[in-house]
Every structure is written in structure tokens, then in C-alpha cells.
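# Survey of secondary and tertiary structure
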Amino acid sequence: MHEAQREIRAVHTAATVTVYQAYSPGIGLPAAREGRFPAAWKRDRMTWIKPSFLWMMYRCGWATKEGQETVLAVEISREGFDWALRHACLSSYAPGVHPDRETWRRELKRSPTRVQWDPERDLRLRPLPYRSLQLGLSGEAARGYADEWTVAIRDVTPLVHEIHALVCDDDFDSARSLLPREQPYPVPEEVMTRIRR
């Protein structure tokens, strides 16, 4: 596989990275209103963040799946995102990255973050020939995400509905013009070597 097939693409600034999650309105709306996750957000469970808007659309069915009707764009600090990448383990065993399965299992057990690469999606939510990052956060990573790294939370559900309506009308140019502008995110090669398989 070419390296570009596993490349982190995201909306990012000098200080922040935007990731996406979808929740029920009971969690999503208070989070967007307050700019932080409410107490009801479970900090002791693994949560998966996605820098890819279209992969999030695939996962939540354009905000139509039960419990995923509110799509949030969560702006987090690059410092937190980079920490999560440095402390990540691949979610599945990869020969060449791990010496053996047992070593991988031990690393997975103690890692607060997990990396999974899934096919990126197009506007029709069909798989593309390159991969998109999902980052699973647990323990100190989940708590850091909710309580320290988060800079801003926006409810982007209206944008989701607008783009989806254009897709349903086969107006792909207009739909594409509204997509967030995701760019390659710079990651040190030693980190990418560990999380790319």
C-alpha cells in the first residue's frame, strides 16, 4: 500500500484539529450549547473520533440513525490530538508493526488510544480506495478529550441535512462545495510508522 492510502486528513489550524461525532439530541445539543460535554457524557467508556466528515456521514447515515441524530464538529487542541496519536496502538494485529500477537495484545491493553483505518467515503457514501482514520479514546485520553482538549463544539446537523438534500437531488457539485476543507495533517514519521499498517 502507498503511504497516501493511510494519511490523516482533517480540518486543522495552527492550534486545533476538528473531529466529528454523532450523538442523540440529549447529549449533542447540550454539548453544542455549552461548548463542552455534559456530565451525562460517559468519560469511562471508549469514544471514537473521526477527522473525516464523510466517514462520519457514513457512520451516522447523514444523521438519520437512532442515537446519532446530532452531528458535532469538535475542535480540539493539536497538543491533545498529537498526544493521542503518540499513545495509540493499532486496533488489530499487524505483522511488521508488532513482533507477535501477544506483544500487540499487551500494547493494546495499556494504550489509552486506538487507531483504526477504514475506507474513506464519497458523497454517495461508497468506499474509496484509500483509508480514513478513526481514533478510539479511553481512560485518560477520553477524559482529556472531554475536559481538557476540547476548544469548541458546534452542531453541524443543519449542514449535514443541507449536503444530504443536495446529494439526493444529484447536485454533487453544490454538495461538494459545502464539504469541510480537509487537508493532510502533519504527523511525525516515527508516529505514522507505528500507527500505519
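Worth saying up front: this structure is predicted, and the values here are computed from it rather than measured. (Residues numbered from 1 in each chain as written. Predicted model: local features only at pLDDT ≥ 70, side-chain atom pairs only at ≥ 80, totals over all residues. Heavy atoms only, no water.)

Take the nonpolar core next. By size, the foremost hydrophobic cluster in this structure holds 37 residues, and its most contacted members are I8, F37, F81, L85, L135, L137 and Y145. Among the elements that take part in this core, helix α5 (residues 140-149) stands out by supplying five residues, more than any other. Discounting residues that sit within four places of it in the chain, F81 has contacts with I8, V17, V19, P51, I76, L133, L135 and Y185. F53, L54, W62 and L123 belong to the second largest nonpolar core, which has 21 residues in total. (Core = buried A, V, L, I, M, F, W, Y, C linked by side-chain atoms within 4.5 Å. Buried < 20%, exposed > 50% of the residue type's maximum accessible area, 1.4 Å probe, protein only. Helix = DSSP H or I, 4+ residues; strand = E, 2+ residues; numbered from the N terminus. Contact = heavy atoms within 4.5 Å.)

What follows concerns the sheet that holds strand β6 (residues 113-121). With mixed pairing, the four strands of this open sheet are ordered in space as β3-β7-β6-β5. Sheet topology places β3 (47-49) and β5 (88-90) at the edges, where each strand pairs with a single neighbour. On average, adjacent strands in this sheet sit at an angle of 40° to one another, irrespective of strand direction. Sheet topology places β6 next to strand β7 (residues 127-137); eight bridges connect them, and they run antiparallel. Within the sheet, the bridge partner assigned to R114 lies in β7 and is G136. In the packing of α5 onto the sheet, contacts are made with β3, β6 and β7, and the angle to β7 comes to roughly 85°. (Pairing = 2+ DSSP bridges. Axes fitted to C-alpha atoms, helices over the stretch in contact; angles between N-to-C directions.)

Tallied over the entire structure, the rule returns one cavity of 30 Å³ or more. Each pocket or cavity is described by its volume, and for the largest cavity that value is around 40 Å³. Residue lining of the largest cavity: E7, I8, R9, P51, S52, E120, S132, L133 and E182, and that is the complete set. Partitioning the lining of the largest cavity into residue classes produces three nonpolar, two polar and four charged. (1 Å grid on protein atoms, 1.4 Å probe; cavity = no way out; pocket = protein on both sides within 12 Å on 5 of 7 lines; lining within 4 Å. Points joined across faces, edges and corners; volume = space filled by probe spheres on them. Nonpolar A, V, L, I, M, F, W, Y, C, P; charged D, E, K, R; others polar.)

On to the layout of surface pockets, then. Once rolled over the atoms, a probe with the size of a water molecule shows which space is left empty. Here the largest pocket defines a volume of roughly 550 Å³. As for the largest pocket, its lining consists of 19 residues, and the residues nearest its centre are Q21, A22, Y23, R45 and T47. Of all the secondary structure elements, the ones that give two or more residues to the lining of the largest pocket are β2 (16-23), β3 and α2 (53-60). Ranked by the residues each element gives to the lining of the largest pocket, the list is headed by β2, at three residues. Along the walls of the second largest pocket sit 15 residues, with L54, R121, Y130, L179 and E182 positioned nearest its centre. Mapped by element, the contributors of at least two residues to the lining of the second largest pocket are α2, β6 and β7.

With that settled, the discussion passes to the packing of aromatic side chains. A complete count under the given rule lists eight aromatic pairs for this structure. Pairing Y20 with F53 gives two aromatic rings, centres 5.4 Å apart and planes at 80°, and the pair type is edge-to-face. Taken together, the residues Y20 in strand β2 and F53 in helix α2 connect sequence positions 33 residues apart. As far as the burial class goes, Y20 and F53 line up, both buried. An aromatic cluster is present here, built from Y23, F37, W41 and Y145 joined pairwise through their rings. (Phe/Tyr/Trp six-rings, centres within 6.5 Å; stacked < 30°, edge-to-face > 60°.)

Take unusual backbone geometry next. Even without being a glycine, W62 presents a positive backbone phi close to 55°. Tracing the sequence through the fold places W62 in the loop between α2 and β4 (70-77). In this structure W62 comes out as buried when scored by relative accessible area, which is 4%.

This brings us to the environment of T64. Topologically, T64 is positioned in the loop between α2 and β4. Spatially, the C-alpha atom of T64 lies 34 Å from that of M192, the residues being 128 residues apart in sequence. Among the polar contacts made by the side chain of T64, one reaches the main-chain carbonyl oxygen of G61 at a distance of 2.5 Å. (Polar contact = N/O pair within 3.5 Å; in protein donor to acceptor, adjacent residues only side chain to side chain.)

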